[in-house]
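Coordinate analysis (summary)
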Amino acid sequence: LPSVLCLGDCQLQTPCRIQKCTTDFVSSTSHLNSAVEGFDLEFCKALRAYSACTYRNSKVCRGNLVYHSAVLGISDLMSQRNCSKDGPTSSTNPEVTYDPCNYSGHTVAREHHEGEKTPPPTYLFCGLFGDPHLRTFKDHFQTCKVEGAWPLIDNNYLSVQVTNVPVVPGSSATATNKITIIFKSYQDCTDQKVYQAVTDDLPAAFVDGTTSGGDGNTKSLRIVEKVSGKYVEMHAKYIGTTVYIRQLGHYLTLAIRMPQELVMAYEESQDLQLCVNGCPSSERIDDSGHLPLPVMGQLLPQGGAAAHSWSVYTLETATTKCHEKMLVKDIYFYSCVFDLLTTGDANFTAAAHSALQDMEALHPRKEHWHIFPSSAGGGVGKGSKFFVGLGLVCLILVVFL
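Throughout what follows, the structure given in this document is the object of discussion. Treat the numbers as computed from the prediction; the structure is a model and nothing was measured.

Attention now moves to the environment of threonine 163. In this structure, threonine 163 sits in strand β5 (residues 158-166). The spacing of threonine 163 and glutamate 147 is 16 residues in sequence and 7.1 Å in space, taken between C-alpha atoms. Aside from chain neighbours lying at most four places away, what touches threonine 163 is Gly148, Ala149, Ala175, Thr176, Asn177 and Lys178.

Next up, the structure:
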């Protein structure tokens with residue numbers, strides 16, 4: 001049907017761009033000086049380009065008075081300067097200086113090329129820390145087993161894989177001891193670069209020994225060591241992506257910010273990405289965001305039977321310890337309490353606190369920073385929801401009786 005409808009003059013649906021033609025002409029002549037030799041030659045080039053632009057818009061602008069005024073003005077100026085109608089023209093799209101290996105400059109280039117304002121890119125955040133706790137690109141918070149190697153991200157630009165190992169006997173909780181990142185080759189900005197970190201080996205270089213990607217001084221991809229052996233940052237300017245990796249205690253944490261359009265650039269076969277789709281339900285430890293906290297040093301695994309925990313913390317002392325670092329009792333706070341009760345390792349307090357700081361540094365939307373548990377331990381539990389529902393029923397009955 002659209003094809004049939006377009007048998008008429010479909011160009012009428014295209015907006016008149018005479019203003020763009022005029023703007024380009026002004027841009028290409030504003031630097032010219034009539035007192036300098038060669039002025040007429042360059043001015044005539046610009047006029048011919050202006051004329052060509054108006055001709056391309058002749059159909060869509062035929063009822064536009066500004067367009068007709070421009071056509072007459074061009075004709076007058078060409079006569080005054082003795083410009084021939086045939087000859088070289090200056091570019092109708094004056095070049096805008098931007099770095100093709102700088103993602104933030106792509107928007108500027110598109111705006112100039114298309115002549116329309118485009119919205120700024122949307123950035124997404126994903127983080128992994130602790131036993132392990134996952135914050136997805138959709139701001140869903142989960143605690144998972146995911147023992148072994150799992151892909152966090154796998155798109156056309158970047159692959160991130162983590163390996164998790166059990167933390168303590170009798171618990172299904174695991175923690176990350178290896179991270180592998182592949183920055184895929186991209187145009188002339190960088191060759192493929194592989195980074196790998198394992199417990200007690202957090203290098204400030206890629207596997208090939210280099211610390212950056214890109215030719216010359218471009219540095220479209222680089223590694224910055226913040227704390228030797230403990231904290232590195234990776235800045236991939238060409239894809240607008242930033243990665244933080246830390247070692248706290250015996251385990252690793254990861255935080256990443258990436259443009260949404262690149263996050264979603266993957267094939268159907270690449271759908272197993274924890275940062276995109278979360279953990280499979282069979283790998284979840286939490287119950288819709290609610291962590292089943294061990295009580296008085298006793299861990300309650302998914303099987304239901306109590307198993308002895310190595311933790312020296314009680315719920316009260318773990319809460320006090322985590323509250324020293326995190327004042328807001330959000331999901332990061334409760335993750336800290338869970339990890340202390342599960343492992344007894346105070347390094348997990350630092351991991352939760354650092355994960356919170358990294359999230360605040362990289363997450364683009366401050367109003368979404370804090371996530372609160374949806375169930376008991378800081379939120380509305382299932383029992384509370386029952387009484388709220390019962391109260392609503394009673395209220396409805398009162399209204400209608």
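What follows picks up the thread again.
Turning to the pattern of salt bridges, a few remarks are in order. Under the defined criterion, the tally for this structure stands at nine salt bridges. Its salt-bridge partner being aspartate 40, residue arginine 81 comes within 3.3 Å of it at the nearest N-O pair. Taken together, the residues span a long stretch of sequence, with arginine 81 in the loop between α4 (65-80) and α5 (103-114) and aspartate 40 in helix α3 (residues 39-56) at a distance of 41 residues. Among the ionic pairs, aspartate 208 bridges to lysine 193, the shortest N-O distance being 2.8 Å. Linking aspartate 208 in the loop between β7 (193-198) and β8 (212-213) with lysine 193 in strand β7, this pair joins segments that are 15 residues apart in sequence. The exposure class assigned to lysine 193 is buried, which follows from its relative accessible area of 9%.

Attention shifts here to the state of the cysteines. Inspection of every chain in the model, using the stated rule, returns seven disulfides. Here cysteine 16 is linked by a disulfide to cysteine 61, with a sulfur-sulfur distance of 1.9 Å. An S-S torsion of about 110° defines the bridge between cysteine 16 and cysteine 61 as right-handed. Remark: cysteine 61 occurs in the loop between α3 and α4 and cysteine 16 occurs in the loop between α1 (2-5) and α2 (18-29); sequence separation between them is 45 residues. Residue class for cysteine 61 comes out buried when judged on its relative accessible area of 0%. In this model, cysteine 126 is linked to cysteine 275 through a disulfide, with the two sulfur atoms separated by 1.9 Å. Looking along the S-S bond of the cysteine 126-cysteine 275 disulfide, the torsion reads about -80°, which is the left-handed sense.

Criteria and cut-off values
Residue numbers restart at each chain and count upward from 1, following the sequence in its written direction. Thresholds applied to this predicted model are a pLDDT of at least 70 for local features of residues and 80 or more for the giving and counting of side-chain atom pairs; totals over whole chains, interfaces and linings are not thresholded and use all residues. Side-chain numbers here rest on the full set of heavy atoms in the structure, without hydrogens or water. Helix and strand definitions follow DSSP, with helices as H or I runs of at least four residues and strands as E runs of at least two, each counted in order from the N terminus. Two residues form a contact once any of their heavy atoms are found within 4.5 Å. Any carboxyl oxygen of Asp or Glu within 4 Å of a side-chain nitrogen of Lys or Arg constitutes a salt bridge here. A simple rule labels every residue: compare its accessible area, found with a 1.4 Å probe on the protein chains alone, to the largest value its type can have, and call it buried under 20%, exposed over 50%, or partly exposed in between. For this text, the term disulfide refers to a pair of cysteine sulfurs within 2.5 Å.

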